[in-house]
Amino acid sequence: MKHHIRHIVLSLVLLLIGCTSCKARELSVMQLNVWMEAKNVENGFSAVVDETVRINPDIVLLSEAHNREDAFSIPAFLDSLRARGMEYHSVGSPLDVQLVSKYPVVEQDVVWNEHNGAIRTTLDVLGKKVVVYTGHLDYTHYECYLPRGYSGTTWKKIDAPVTDTDSIMAGNDMSHRDEAVRAIIADAKNQQADFILLGGDFNEPSHLDWGEDTKNLRDHNGAVVPWSCSSLLYEAGFRDAYREMYPNPVTHPGFTFPSDNPAKPVEKLTWAPDADERDRIDFIYYIPADGWTLTDAVIVGPKASIVRSERVPEHTKDVFSVPGGTWPSDHKGVFVRFSY
């Protein structure tokens, strides 16, 4: 009997030791618009490096980052990270969207290259095939300004706010954002992957943020709008990581634009100076998959926004990761983490 008990105890100990290798792994992603190749803020390039080192994401998705020597050179970015002890990989895309990763890049292709664009990158994440789409969508027909009394094409004041949903959507769909999203969705359907992600600056809010509960907030002026890109993605099975983590857009609006930036005068940060133009237009989406769990989501950037040409601290329940030094952008970024 004693020998039998000893055998059981020894087996349990070995099982517990073996389970240490079964511990859930994590995959983290940061998305950031670096604002015209990080040139609009003094030492902006170094600031993007600093923030990447501080956040330490496994994958970095960048918008407005052309891979050119006179723009946002990916080789220079990788070298700067390497000098700080951070080893990342990238093949550098021909568009203004880039992906760098701690994991090897298997392949990369352009999915959409009109009116900004989108790329698909396949990564080998410790034997898992992870497909990541990175997009920067058309900035024209920014029709979330219509209810706020501004044109989304000239960015000038209009005679009166436009709150009719059909009129807003008719203008919105004159952009090429929905075509880009349809191209991404069609491409994703052909991917045999363990996990699929999509991130970028969409230049369009989410239908999850413009519902009945927010129609009298943030100068929506009663408008309820089923924005095209987010609606199409949800219909296709994608999920908005930030809104999945924080479902309530009133308590956790997650604004990413326009961000305050202490290094720039307010007039350089606003496009609708007499309105509350705050919106969440930078996103990380994912397709839910067996064994993959969203565990964290935060807003990266200053804990203040621009409202009617004023720097306004946010008093929401959003979780912020505040920059340690210079902030390089007029957007805030998004950081999410998954376990698998």
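Residues numbered from 1 in each chain as written. Predicted model: local features only at pLDDT ≥ 70, side-chain atom pairs only at ≥ 80, totals over all residues. Heavy atoms only, no water.

**Section: the overall build of the protein chain**
Per the secondary structure count, the protein chain includes eight helices and 14 strands. Whereas a compact globule of 340 residues would reach a radius of gyration of roughly 20 Å, the protein chain reaches 22 Å, a difference of no more than 12%. Taken along its principal axes, the extent of the C-alpha atoms in the protein chain is 90 × 45 × 40 Å. Counting the 340 residues in the protein chain, one finds 56% classified as buried. Considering only contacts in the protein chain between residues 6 or more positions apart, those separated by 24 or more positions represent 73%. For the protein chain, the accessible surface area stands at approximately 14,700 Å², while carbon and sulfur atoms represent 52% of it. Distance between charge centroids for the protein chain: 8 Å, based on 33 positive and 48 negative side chains. (Helix = DSSP H or I, 4+ residues; strand = E, 2+ residues; numbered from the N terminus. Rg over C-alpha atoms; globule rule 2.2 N^0.38 Å. Buried < 20%, exposed > 50% of the residue type's maximum accessible area, 1.4 Å probe, protein only. Contact = heavy atoms within 4.5 Å. Areas by Shrake-Rupley, 256 points an atom, 1.4 Å probe, with all protein chains shown as cover. Lys, Arg positive; Asp, Glu negative; His and termini not counted. Charge placed at Lys NZ, Arg CZ, Asp CG, Glu CD.)

**Digging into the environment of Leu197**
Here Leu197 shows up in strand S7 (residues 195–201). A residue is classified by how much of its surface remains accessible, and Leu197, at 2% relative accessible area, is buried. Separated by 77 residues in sequence, Leu197 and Arg120 have C-alpha atoms that sit 9.6 Å apart.

**A closer look at the packing of helix H6 (residues 177–188) against helix H7 (residues 228–235)**
Two numbers describe how H6 lies on H7: the axes approach to 9 Å, and their chain directions differ by 20 degrees. By the criterion of interaxial angle, the relationship of H6 to H7 is roughly parallel. Where H6 crosses over H7, the two elements pack in a sense that is right-handed. Contacts from Arg177, Asp178, Val181, Arg182 and Ile185 in H6 reach Ser228, Cys229, Leu232 and Leu233 in H7. (Axes fitted to C-alpha atoms, helices over the stretch in contact; angles between N-to-C directions. Parallel < 35°, antiparallel > 145°, perpendicular 65-115°, else oblique. Left-handed = near helix turned anticlockwise from the far one by under 90°.)

**Remarks on the sheet that holds strand S10 (residues 293–300)**
One open sheet holds the six strands; their spatial order is S3-S2-S1-S14-S10-S13, and the pairing between them is mixed. Two strands lie at the open edges of the sheet, namely strand S3 (98–101) and strand S13 (320–321), each paired on one side alone. Pairing of strand S2 (residues 59–63) with S3, which is carried by four bridges, proceeds in the antiparallel orientation. By the bridge assignment for S3, Ile59 is matched with Ser101. (Pairing = 2+ DSSP bridges.)

**Some thoughts on the pattern of salt bridges**
Oppositely charged side chains can pair when the atoms bearing their charge come close. Using the criterion set out here, one finds 20 salt bridges in the structure. For the salt bridge of Arg337 with Glu26, the shortest nitrogen-to-oxygen distance reads 3.4 Å. With Arg337 in strand S14 (residues 333–339) and Glu26 in strand S1 (residues 26–33), the pair connects residues that are 311 residues apart, well separated along the chain. Put simply, Arg278 and Glu314 hold a salt bridge, and the shortest N to O gap is 3.0 Å. With Arg278 in the loop between helix H8 (241–245) and strand S9 (282–287) and Glu314 in the loop between strand S12 (310–313) and S13, this pair connects stretches of sequence that are 36 residues apart. The buried category is assigned to Glu314, whose relative accessible area is 6%. By sharing partners, the salt bridges in this structure join Asp209, Asp240, Arg243 and Arg280 into a single network. (Salt bridge = Lys/Arg side-chain N within 4 Å of Asp/Glu carboxyl O.)

**Quick word on the pairing of strand S6 (residues 128–136)**
Judged by how many residues are buried, S6 sits mostly within the fold: seven of nine residues are covered. Bridge count for strand S5 (residues 117–125) against S6 is nine bridges, and the pairing is antiparallel. Bridge pairing links Ile119 to Thr134 in S6. From the end of S5 to the start of S6, which pair antiparallel, there are two residues, and Leu126 there has a positive phi angle of about 50 degrees. Of the strand pairs in this sheet, S6 and S7 are connected by seven bridges, and their pairing is parallel. Of the residues in S7, the one forming a bridge with Gly135 is Gly200.

**Focus on the sheet that holds strand S8 (residues 239–240)**
Read from one edge to the other, the open sheet built from six strands follows the order S4-S5-S6-S7-S9-S8, with strand pairing classed as mixed. Every interior strand has two partners, whereas the edge strands, strand S4 (105–112) and S8, have only one. Against the sheet, H6 engages S4, S5, S6 and S7, with an angle of about 140 degrees to S4. Most of the contacts of H7 go to S9, to which it runs at about 10 degrees, and overall it touches S7, S8 and S9.

**Section: the pairing of strand S11 (residues 304–307)**
Side chains Ala304 and Ile306 of S11 all project onto a buried face; the interleaved residues Ser305 and Val307 project onto the opposite face, where all are buried too. Pairing between S11 and S12: four bridges, direction antiparallel. When the bridges of S12 are listed, Ser305 appears paired with Val312. Between S11 and S12, which pair antiparallel in sequence order, lie two residues; one of them, Arg308, sits at a positive phi of approximately 50 degrees.

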